[in-house]
Amino acid sequence: MKHNFIDKYSSLSSPIHKISPKLKFVLFLAIATFISLFDVNTKILVFIFLFLIFVCKLSKIPTKFFLTRILVVSPFIFLIAISYLVSKQSFLTILNVSLKSFIVILSILILVQTTRFDVLIETLKKFKFPKFLLLLLSFIYRYFFVLTDEVEKMAFALKLRQQEKFTAKTLTKLIGMLLIRSYKRAERINKAMLLRG
Amino acid sequence: MNEIVIEVKNLSYKYPDGKQALKNINFVIIEGQKIAFLGANGSGKTTLLFCLVGLLNYEGEIKIFGKDVKQNLKEIRKNIGFVFENPDDQLFNLTVYEDVAFSLKQQGYNEDEIRIKVKEVLEKLKLLGYEERQPYHLSYGEKKKVCLATALVNSPKILILDEPTSNLDPASTREFKEMIKNINTTQIIATHDIRFVKEVCDSLLILRNGEIFSFGDISLLENSEVLLSSRLM
Amino acid sequence: MHIPDGFLEPKILVSTDIISLAVVFLGLKKLKNIDVNRIPLMGVLASFVFVLQILAFPVIGGTSVHLEGVVLTAVLLGPFSSSLIVFCVLLMQALLFQHGGILSLGANFLNIGIVGSFLGYYFWKIKPTKIFASFATFITILISATLCSFELYLSNRLVLSVGLPTMLFSHLVVGIIEAVFVYGVLSFIEKLEPQILKFEKI
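Residues numbered from 1 in each chain as written. Chains lettered and ligands numbered in written order. Predicted model: local features only at pLDDT ≥ 70, side-chain atom pairs only at ≥ 80, totals over all residues.

Caption draft 1: Representation of the overall build of chain B within the structure. The helix and strand inventory of chain B stands at eight helices and 10 strands. A compact globule built from 233 residues would reach a C-alpha radius of gyration of about 17 Å, and chain B, at 18 Å, matches this within 12%. For chain B, the spread of C-alpha atoms along the three principal axes comes to 50 × 40 × 40 Å. Across the 233 residues of chain B, 44% fall into the buried class. The contacts in chain B between residues at least 6 apart in sequence include a share of 66% that link residues at least 24 apart. (Helix = DSSP H or I, 4+ residues; strand = E, 2+ residues; numbered from the N terminus. Rg over C-alpha atoms; globule rule 2.2 N^0.38 Å. Buried ≥ 20, exposed ≤ 12 C-beta atoms within 10 Å, placed from the backbone. Contact = placed C-beta atoms within 7 Å.)

Caption draft 2: Main features of the sheet that holds strand β4 (residues 59–64) of chain B. Residue and element names in this part refer to chain B. Taken in spatial order, the four strands line up as β2-β1-β4-β5 in an open sheet, and their pairing is antiparallel. Here the strands that pair on one side only, and so sit at the sheet edges, are β2 (20–30) and β5 (67–68). Alignment of β4 against β5, held across two bridges, turns out to be antiparallel. Across the sheet, I64 pairs through a bridge with K67, a residue of β5. (Pairing = 2+ DSSP bridges.)

Caption draft 3: Seen up close, the domain arrangement of chain B. All names here are of chain B. For chain B, the assigned domains read domain 1 (1–79 + 156–233) and domain 2 (88–154). The centre of domain 1, based on its C-alpha atoms, is set 24 Å off from the matching centre of domain 2. Contacts between the two partners involve 10 residues from domain 1, matched on the other side by eight residues from domain 2. For the side of domain 1 that touches domain 2, the element with the most residues is helix α6 (residues 170–181), which contributes three residues. Per-class residue counts for the side of domain 1 that touches domain 2 are six nonpolar, two polar and two charged. (Domains from an automatic or database assignment. Nonpolar A, V, L, I, M, F, W, Y, C, P; charged D, E, K, R; others polar.)

Caption draft 4: Quick peek at the pairing of strand β1 (residues 4–14) of chain B. Residue and element names in this part refer to chain B. Summarising the sheet, β1 and β2 pair through seven bridges and their orientation is antiparallel. Bridge pairing links V8 to F27 in β2. Between β1 and β2, which pair antiparallel in sequence order, lie five residues; one of them, G18, sits at a positive phi of approximately 100 degrees. As defined by bridge partners, β1 adjoins β4 across five bridges and the pair is classed as antiparallel. By the bridge assignment, I6 is partnered in β4 with I64.

Caption draft 5: The arrangement of the sheet that holds strand β8 (residues 186–190) of chain B in detail. Residue and element names in this part refer to chain B. With mixed pairing, the six strands of this open sheet are ordered in space as β6-β7-β8-β3-β9-β10. Each edge of the open sheet carries a strand with a single partner, namely β6 (80–83) and β10 (211–217). If you compare each strand with its neighbour and ignore which way they point, the axes differ by 15 degrees on average. As paired elements, strand β3 (residues 34–39) and β8 share four bridges and run parallel to each other. (Axes fitted to C-alpha atoms, helices over the stretch in contact; angles between N-to-C directions.)

This is the structure:
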């Protein structure tokens, strides 16, 4: 089955896609750091937020997609909103914090969805990110599709064998099998590596 | 005897990434038919099989035993035995007995009924004595047989096999072939094995780029163009 | 819980980032000269943990939780290996799903990766059995939840009297589920492929 949904927009074409990944990475880091380390006036945050929405649109990332991603944070916002109500802090503070997290989310999104993953890894390498970690990240990406395919097929097989809603017992065995299959896969990779010298 | 078992009308399916996997699929399969699904890798064979059992959200209409697949999933699946290409996708229990008994357990049969049915199917497939063995540690050929057992234990009316002989050595292939021949259900077999097709099947459906290229009697294999496109040679 | 960016005070961010970076670099040093065979194993298991965290594990009543798999990894591969794997998984989650922030990666890694890998591993080592692995899982999940609450509290985002009990209660359920799951998976592996339990723990 075809899956490329984890960075599905990175192969589109837009002015943003064309910007050098190094530049995008630096800009992203700058925004994230600035937002996280300093107190920023809410009005400025709104401006930055709207600007990033504009950049998202420019990069052809579907609106629905980036809006849903922003909402990933909502449980957190809900949690702190309750705290704020209890401690009687202002709505403005909640807005300020929310905007900050939205802004960083949009910045990461723009970086990752307009840069192919392997290019992103290369960029991190140029910034002296530890090679071993980059290797692990590449493995995660590379085998993500393989493993999710396996999970999907196993889930299909279970559905056909009459288990529509998976029980914890079944899922434990399924995950156990996934782990064992992953181990076997690693063994095969080792053998392949040996043969390649 | 010649009742229509599977009826497919205007079936099409698009992958989540937008690529069209199947288009304009129309065909009918009658009871007792043993049809081979042929085609190159990526022509849509497995996708078509998954649509038939309602695992994918297809467009168009598929009726099995006269009932719409999407509306009657549970009932239809009780009567279909499906063997996946990779046995590791199907076997996940600690003993052969548990794996074969699994679908019966889900349907609520009691222990005694299960024991009888499992024994029956293991006997048929020459797997008696394997009950306590771990499926994970069996040879590839043995795993395939256990998968077949899990499919047959329900006494299905339709048997679907996805690449049943892929990676099997000649002896196991022969054994498997004999077993399949002796099973008297409607069968759909997706395969690349030309000898298997000639010996077991009475009809074929050839997929090319997600569309039906050819459909009909097994004698169509004689036609060389058909052979080339079915990528059996 | 994976804390997003924008929620933590600079002091907390910087201090947790420094601690985490130190542990990561220590881990890199420790794993510098490992056997080549270990690399694909860590890579594929990292992918496994990443996929695991996406799967929804059913609980009664139609709800489901997400598993972490940190203590499981630590028990199989050792604390430093597990830390690096979890660090990369958290980074991937932040990058690809915006689940957890980038600058708050330090805090999240401390809560989930360091606590799970080190506390989890050393607790299990007291008596390396499945039961101890389960307990280790349960305890580390609760400690993670507590640390997370404190980090938010110290950043003035959470009122402890409300936030801490909520966090603890929700993680109580997750902790029990995952503890049972870890026991189940370890016993499954023990029966089918005990080799996996015999890796060198670094």
